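If you want the building blocks of each chain, they are given just below.
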Amino acid sequence: MTALKPGDKFPSDVSFTYIPYCGDDIKACGKPITLNASKDWADKKVVLFAVPGAFTPTCSESHLPGYIKHLQDLKSKGVDIVAVAGYNDAFVMNAWSKANGIKNDEILFLSDDEAKFSKSIGWNMGPRLARYAIVIEKGKVVYCGKDEPGQLEVSTAEAVLAKL
């Protein structure tokens, strides 16, 4: 249970569950699939940010909207994938993406099943994920920051942009 730091290799066994984009109807949902992040992101520049829960006040009113607002800014800095991980299952994460108007997997909404990844790096709050951000470039961690409970500072889109 070791926290990541810049320069570390991204772990080789990280996977999440998610539902690929399947239309805008919040009442309709696709089937969850496993995303092997370690393999699929190995040659990409990725911003992964984590939230304690979908549809919660800070996550829905501040954290996620910052990434939506700055999505094109992140892409202009060479980011291939922006992903948000949550404690919630893939169905809830998919509904949260639709509720926020995300289309075509512009931002991946991932379920960190049982907080497995977050617990493996010690960035959880009990059963839930802590609020954090990690930038991975070609399999190497280039930025990571974990907010203190009740704070939203080092994991914001603005904080990440400042490090790119």
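All of the points below concern the structure found in this document. Note that the structure is a prediction, hence the values are computed from the model and not measured.

Turning next to the pairing of strand β3 (residues 45-51). For β3, a buried count of 7 out of 7 residues is recorded, marking the element as mostly surrounded by other parts of the structure. Along β3, one buried face is formed by Lys-45, Val-47, Phe-49 and Val-51 and the opposite face, lined by Val-46, Leu-48 and Ala-50, is buried too. The sheet contact formed by β3 and strand β8 (residues 132-137) spans 6 bridges and is antiparallel. Residue pairing for β8: Val-46 is matched across the bridge by Ile-136. As judged from the 6 bridges shared by β3 and strand β4 (residues 81-86), these two strands associate in the parallel manner. Of the residues in β4, the one forming a bridge with Phe-49 is Val-84.

The next thing to look at is the side chain of Ser-111. Residue position: Ser-111 is located in strand β5 (residues 108-111). A polar side-chain atom of Ser-111 sits 2.7 Å from the main-chain carbonyl oxygen of Asn-88. One polar contact links Ser-111 to Asp-113, side chain to side chain, over a distance of 3.1 Å. Setting aside residues up to four positions removed in sequence, Ser-111 forms contacts with Phe-16, Thr-17, Gly-86, Tyr-87, Asn-88, Asp-89, Ala-90 and Met-93.

For Thr-17, the position within the fold is in strand β1 (residues 15-18). Owing to a relative accessible area of 15%, Thr-17 belongs among the buried residues under this scheme. Separated by 2.3 Å, the side chains of Thr-17 and Asp-113 make a polar contact. In contact with Thr-17, not counting residues within four places along its chain, are Pro-32, Ile-33, Ala-90, Phe-109, Leu-110, Ser-111 and Asp-113.

Turning next to the packing of aromatic side chains. Inspection of the entire model under this criterion finds 8 aromatic pairs. Measuring from ring centre to ring centre gives 6.3 Å for Phe-10 and Trp-41, while their planes differ by 35°; the resulting arrangement is tilted. Here Phe-10 is found in the segment before β1, whereas its partner Trp-41 is found in the loop between α1 (37-40) and β3, with 31 residues between them in sequence. Accessibility expressed as a relative area gives 6% for Phe-10, which makes it buried. You can call Trp-41 buried: its relative accessible area is 2%. Here Trp-123 and Tyr-132 contribute two aromatic rings whose centre-to-centre distance is 5.2 Å and whose plane-to-plane angle is 55°, an arrangement assigned as tilted. You can call Tyr-132 buried: its relative accessible area is 0%.

Time to look at helix α2 (residues 57-69). With 13 residues, α2 extends 17 Å between its outermost C-alpha atoms, agreeing within 8% with the 18 Å of an ideal straight helix rising 1.5 Å per residue. Along α2, the residues that are buried comprise Cys-59, His-63, Leu-64, Gly-66 and Tyr-67.

Pairing is possible between side chains of opposite charge, provided their charged atoms come close. Enumeration according to the criterion identifies 3 salt bridges in this entry. Across the salt bridge formed by Asp-8 and Lys-5, the nearest N and O atoms sit 3.1 Å from each other. Look at Asp-8 and you get buried, because its relative accessible area is 18%. What makes Lys-5 partly exposed here is its relative accessible area of 48%. Residue Asp-24 is joined to Lys-103 by a salt bridge in which the shortest nitrogen-to-oxygen separation is 3.1 Å. On the criterion of sequence distance, the pair formed by Asp-24 in the loop between β1 and β2 (33-36) and Lys-103 in the loop between α4 (90-99) and β5 is long-range, its members being 79 residues apart.

Reading the values: rules and limits
Residues numbered from 1 in each chain as written. Predicted model: local features only at pLDDT ≥ 70, side-chain atom pairs only at ≥ 80, totals over all residues. Heavy atoms only, no water. Buried < 20%, exposed > 50% of the residue type's maximum accessible area, 1.4 Å probe, protein only. Helix = DSSP H or I, 4+ residues; strand = E, 2+ residues; numbered from the N terminus. Pairing = 2+ DSSP bridges. Polar contact = N/O pair within 3.5 Å; in protein donor to acceptor, adjacent residues only side chain to side chain. Contact = heavy atoms within 4.5 Å. Phe/Tyr/Trp six-rings, centres within 6.5 Å; stacked < 30°, edge-to-face > 60°. Expected span 1.5 Å × (residues − 1). Salt bridge = Lys/Arg side-chain N within 4 Å of Asp/Glu carboxyl O.

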